[in-house]
Every structure is written in C-alpha cells, then in structure tokens.
Protein chains: 2
Amino acid sequence: MKNLIIASTSTIHNSDYLEYLLPTLKEHFKAIKTLLFIPYARPSGITHDEYTARVANAFQKIDIEVKGIHEFEYPIEAVLSAEGIFTGGGNTFLLVKQLYSNNIITAIQQAANNGIPYLGCSAGSNICGLTMETTNDMPIIYPPSFKTLALVPFNINPHYLDPTEGSTHMGETRETRINEFHTLNSQPVVGLREGSWLEVKNNTIILKGNLTARIFEQGKAAIEVDPDTDLSYLK
Amino acid sequence: MKNLIIASTSTIHNSDYLEYLLPTLKEHFKAIKTLLFIPYARPSGITHDEYTARVANAFQKIDIEVKGIHEFEYPIEAVLSAEGIFTGGGNTFLLVKQLYSNNIITAIQQAANNGIPYLGCSAGSNICGLTMETTNDMPIIYPPSFKTLALVPFNINPHYLDPTEGSTHMGETRETRINEFHTLNSQPVVGLREGSWLEVKNNTIILKGNLTARIFEQGKAAIEVDPDTDLSYLK
C-alpha cells in the first residue's frame, strides 16, 4: 500500500513555493492535520528552522500544520508516528547523508509502505528511486551509500532539462549523463520536467502534470510519454 | 617540484579535440616521447581503447606517442615509470572509483610531485583538487572516497558556467551549488571556464587562457580574476 507524490520541483517559474501543487496536495493530504517535514537537504544552505518555516507557510494555505523532524528528539519515532511525510529539495548528497546518520531510511520505507501519504520534491523525489545516482546535485558531502528508498523500481531524474539549442558549452547534456549512467547500471530512469510529478497509488504509477516525461531504459532509445501515462510497467 | 596543466575542458566549441591547447602541450611535454594516458573517466561510456585512440590521434600532431594505462599489467608501475601523464575527462565518479580500485592515487601524487609533466582535462582536472566535491558530473558509481590528488590546495570546478540570462529553469545555478559546497567545506574553489587552464610550476599557480576565472572563498563574495593572475595565495 503506497500513496506517494514524487514531484520534479517544489516551485515552477513565476509561481510561489508549492503553489502549482497545492490543489493536488489538498487532496493527497486530506486525511491529515499534521505533516512531518524532512528539511535535511537545506537548499542554499538555509537552516532546518528556516526551511521548515517556508514549508509551514505554504501548507497553512491548506490548513495543515508542519513540524520539522529536527524538532524531535527521536527521528525514527517521529517518522513512524507521522500522519504524513514531506521531504523537501536541496542537495541530495546532504539529504542522503543525513537520512543515514539519523538512521531513518528503513523507517521512511516502512511508513511509505504502510500507506502514509508521502510527498517528495526534487532531492526528496530523487531518494524515492533505487539509488541517488541520477541526481543533478553537486557532491558536497560523502554519504555512506548511494542506495535510497526504492519506493519505485527505477531511478528519478528531477528537473529534467532538454539540451539548450545552439549552446556552445561542452559540458554533458542531461541525456548524455543518463546514458553514461546506463553504461554501468540497468534500472530505468524517469526524467521529470519541472511541473510534472508521479502519482503512486499502491503499485500503480501515473505521470501527472501538463508535460511529457522522458523515459530512459538501458539499451533502448529514450522515449517521451504523455501525461496520465501508466508507468507501472517500468522496472 | 610540480609541472601541471589543469584545464577546464579538452575541447572548445568549433575546435578539434585538444586543438586549442596543442601549442601549450608541445612546450609542456617537450622533453618526453611517450605519454601515459588514463582513460578511466570514459566520456559517453566509450571504451578505454577507443578513448586512447582519440588521444593518440591528437598527440600525434606534436610527435608524442600515447599508451593507455589499461594496456599495462601493473598500473602502479606504469604511473611511476611514466615520462608524462594525461588524465582525460568524462565522469569524475567513475574516474575516482577506478583510481582507487587500481590503487594509483599515491603513485600519481608521487609522479606529479617529482616533476613529471601532468595534464588534466575536465574530470582529470577535478581530481587535482583536494576533493572531487565540486564536480558537475552525475554520481553514476560509488567511489570509496571523494578525496582526490590534492596537487593544488583548493578545489576545481571545470566547465564553469555563468547563469543563463532569462532562464526559467528552477535547478540551481553553478554559483548556488558552489555556495552550498561552502556551507559544509572551507577550501577555495576555482571556477575555470572552457578555454582556461591553470599552469602549476612548483608552487606557483597561474591562470592561463583568454578568459577570467571565478574564485570562490568561504565567507567572501566570489571574484573574477584576469588571465595571468597568480593564484598561489589560495588555500
């Protein structure tokens, strides 16, 4: 039993934090009053308190109270007793390092598999995949493993970005990077553009939002899939 | 005693592989006939043989023979007996994994500190810093450590990229990422644009090429430095 929203980004251009997702979140979290927020990814290095305040401000609009996991003495218990969980974006390496340091990988898996509604954005979505090896982030800290929550049987690439037409930059495009990933790893990768998310209900995984997503499978040409496509076949 | 070229990229737009650097490399490698190439970073997943052939083709123009380290039975001995060393670009995670797997970190440090001429491009430049934690690459494989060669007392960010004006993409800019690095780490970061390189002679480090570089020090505003600036003060 799973009930997850795995979003490419928290924020789309010219819009407030989480604004584009609020109608969806109102439905997703309709049964809960309090949300446990995991602020470990610390975008731009902001503090856990600052980050939690930003999230509380957004969720206030749909009458949900937010508590940061750093406010609890026992993080494992905080996860296991949560009504709902949101892991925010920022740096995936820092997030994963902190998940392991606080020993809450198994607890989040257990909560998610018990049907507790979960929301991930960006780094918080990356960790829903088998590994964090398709993150776009800079490796600013060394985590004890790249293995993540495996709530879906593939990897996520959030903020998926098409090649810039006419670019003179010689750094790798996102597609080149994911193809390099597939020279060493076999699981599929879902490239989620900003504004897209995956809705996971039990074992059904549907692409949501208005944009197509790009699906990379080892040994195959990448394909575009439309909104509302069922991606449960990917593994 | 050091004699290094640490280049942002092997290739600039509208130019052949290493072409813009060949006059510099002719001087840098003037005393040697054979170059040891380290192809471990495998850009786009090409094989060690394919990558070495590409490099041999470029160095043929300045009458230097190239041998790939994978052609030797004993990689440590190959490094320690090399006349000159070139580590090519590709994926830094894969490169660092292979450097540790083949146990050649210390050997390269020893060779470089003995004055053997060294060239790094992109991932091969990243590893010249204290850590690989300011790479732009995707973490497609888990290395046993992020610590690298420490041939210079700071970190390198190759392919340094300015923010795209008018971009609607919400992913972090390069500067944001490096600032996040500095929330957890204290060493300076040199952002080298494509076409720039550092020339290291003993303990003197000079910015070369026609472009400015961007210097990030913890707790200070980033600055631009001109070509031929002496960066030996950074640590």
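Everything numeric in this text was worked out from a predicted model, so none of it was measured.

Student: Please clarify how the interface of chain A and chain B should be interpreted in this entry.
Tutor: How large an interface is tends to be reported as the accessible area lost when its parts come together. Contact with chain A, which involves 47 residues of that partner, is made by 47 residues of chain B. Ranking the residues of chain A by area buried against chain B places Met138, Ile140 and Tyr142 of chain A at the top, with a combined share of 20%. Our count for the chain A to chain B interface comes out at 2 salt bridges. A salt bridge links Arg177 of chain B to Asp137 of chain A; the nearest nitrogen and oxygen atoms lie 3.8 Å apart. Here chain A and chain B share 19 residue pairs in polar contact (both at pLDDT 80 or more) between them. Top contributing element to the side of chain A that touches chain B by residue count: helix α7 (residues 174-184) of chain A, with 8 residues. Each residue belonging to the side of chain A that touches chain B can be placed in one class, and the counts come to 19 nonpolar, 20 polar and 8 charged.

Student: Please clarify how the environment of Val189 of chain A should be interpreted in this entry.
Tutor: Residues and elements named next belong to chain A. Tracing the backbone through its elements, the reader meets Val189 in strand β7 (residues 189-191). For the pair Val189 and Thr11, spaced 178 residues apart in sequence, the C-alpha separation works out to 22 Å. In this structure Val189 touches Thr134, Asn155, Ile156, Asn157, Ile178, Phe181, His182, Arg214, Ile215 and Phe216, once residues within four positions along its chain are discounted.

Student: Looking at this model, I keep getting lost on the relation of the copies chain A and chain B. Mind explaining?
Tutor: Turning one copy of the chain about an axis and sliding it along that axis gives the other copy, so a rotation and a shift relate them. When chain A is fitted onto chain B, the two copies agree to an RMSD of 0.0 Å after a turn of 180° and an axial shift of 0.0 Å. Seen this way, the second copy is the image of the first under a two-fold rotation axis. Both copies share a contact surface, since 100% of the interface residues of chain A are interface residues in chain B too.

Student: I keep staring at the sheet that holds β7 of chain A and nothing clicks. Help me out?
Tutor: In any sheet, the strands associate via hydrogen bonds between backbone groups, in a parallel or an antiparallel arrangement. Residue and element names in this part refer to chain A. Spatial strand order, β6-β7-β10-β11: 4 strands in an open sheet with mixed pairing. Looking along the sheet, the strands with just one partner apiece sit at the ends: β6 (155-157) and β11 (223-225). Ignoring which end each strand starts from, the neighbouring axes of this sheet average 30° apart. As defined by bridge partners, β7 adjoins strand β10 (residues 213-216) across 3 bridges and the pair is classed as antiparallel. Looking at β10, one finds that Val189 is bridged to Phe216. In this fold α7 packs onto β6, β7 and β10, with an angle of close to 30° to the strand it touches most, β10.

Student: Would you mind going over the sheet that holds strand β7 (residues 189-191) of chain B with me for this structure?
Tutor: Residue and element names in this part refer to chain B. Pairing is mixed across the open sheet formed by 4 strands, whose spatial order is β6-β7-β10-β11. Edge positions in the sheet fall to β6 (155-157) and β11 (223-225), since each has one partner strand and no second. Recorded for the sheet is a direction-independent mean angle of 30° between the axes of neighbouring strands. Sitting on the sheet, helix α7 (residues 174-182) is in contact with β6, β7 and β10 (213-216), with an inclination near 30° to β10.

Student: Explain unusual backbone geometry here, please?
Tutor: Peptide bonds are mostly trans, and most non-glycine residues show a negative phi. Residues and elements named next belong to chain A. Positive phi outside glycine occurs at Asn103, with the angle close to 60°. The backbone of Ala150 shows a phi angle near 55°, a positive value even though the residue is not glycine. Checked against the element boundaries, Ala150 lands in the loop between α6 (123-126) and β6. According to the relative accessible area criterion, Ala150 is partly exposed, its value standing at 38%.

Student: Looking at this structure, how should I read the pattern of salt bridges?
Tutor: A side chain with one charge can pair with a side chain of the opposite charge if their charged atoms come near. Per the counting criterion, the structure on display carries 18 salt bridges over all chains. A salt bridge links Arg214 of chain A to Glu224 of chain A; the shortest N-O distance between them is 2.8 Å. Placement of the pair is Arg214 of chain A in strand β10 and Glu224 of chain A in strand β11, with a sequence separation of 10 residues. Classification of Arg214 of chain A by relative accessible area gives buried; the value is 17%. In this structure Glu224 of chain A comes out as partly exposed when scored by relative accessible area, which is 35%. Across the pair Glu27 of chain B and Lys30 of chain B runs a salt bridge, and its minimum N-O distance is 2.8 Å. For Glu27 of chain B, a relative accessible area of 49% translates into the label partly exposed. With relative accessibility at 59%, the residue Lys30 of chain B sits in the exposed group.

Student: Sorry if this is basic, but what is going on with α7 of chain B here?
Tutor: Quick reminder: α-helices carry 3.6 residues per turn. Residues three or four places apart thus point the same way. Every buried residue of α7 of chain B is listed here: Arg174, Arg177, Ile178, Glu180, Phe181 and His182 of chain B. For α7 of chain B, the elements touching its buried residues are β6, β7 and β10 of chain B.

Student: How do you make sense of the packing of aromatic side chains when you look at a structure like this?
Tutor: Aromatic ring pairs: the centre-centre distance and the angle between the two ring planes describe each pair. Residue and element names in this part refer to chain A. Counted under the stated rule, the structure contains 20 aromatic pairs over all chains. Ring geometry for Phe29 and Phe59: centres 6.0 Å apart, planes at 65°, overall edge-to-face. Of this pair, Phe29 sits in the loop between α1 (22-28) and β2 (34-38) while Phe59 sits in helix α2 (residues 48-60), and the two are 30 residues apart along the sequence. The residues Phe29 and Phe59 share a single accessibility class, namely buried. Arranged with centres 4.9 Å apart and planes meeting at 90°, the rings of Phe37 and Tyr51 form a pair that is edge-to-face.

Student: Can you help me understand the side chain of Thr9 of chain A in this one?
Tutor: With respect to the element layout, Thr9 of chain A can be found in the loop between β1 (3-7) and α1. When residues no more than four places from it in sequence are discounted, the contact partners of Thr9 of chain A are Tyr20, Cys121, Ser122, His159, Glu194 and Gly195 of chain A together with Met170 of chain B.

What counts and how
- Residues numbered from 1 in each chain as written.
- Chains lettered and ligands numbered in written order.
- Predicted model: local features only at pLDDT ≥ 70, side-chain atom pairs only at ≥ 80, totals over all residues.
- Heavy atoms only, no water.
- Contact = heavy atoms within 4.5 Å.
- Buried area = accessible area lost by both parts, 1.4 Å probe.
- Salt bridge = Lys/Arg side-chain N within 4 Å of Asp/Glu carboxyl O.
- Polar contact = N/O pair within 3.5 Å; in protein donor to acceptor, adjacent residues only side chain to side chain.
- Helix = DSSP H or I, 4+ residues; strand = E, 2+ residues; numbered from the N terminus.
- Nonpolar A, V, L, I, M, F, W, Y, C, P; charged D, E, K, R; others polar.
- Least-squares fit on C-alpha atoms with pLDDT ≥ 70 in both.
- Pairing = 2+ DSSP bridges.
- Axes fitted to C-alpha atoms, helices over the stretch in contact; angles between N-to-C directions.
- Buried < 20%, exposed > 50% of the residue type's maximum accessible area, 1.4 Å probe, protein only.
- Phe/Tyr/Trp six-rings, centres within 6.5 Å; stacked < 30°, edge-to-face > 60°.

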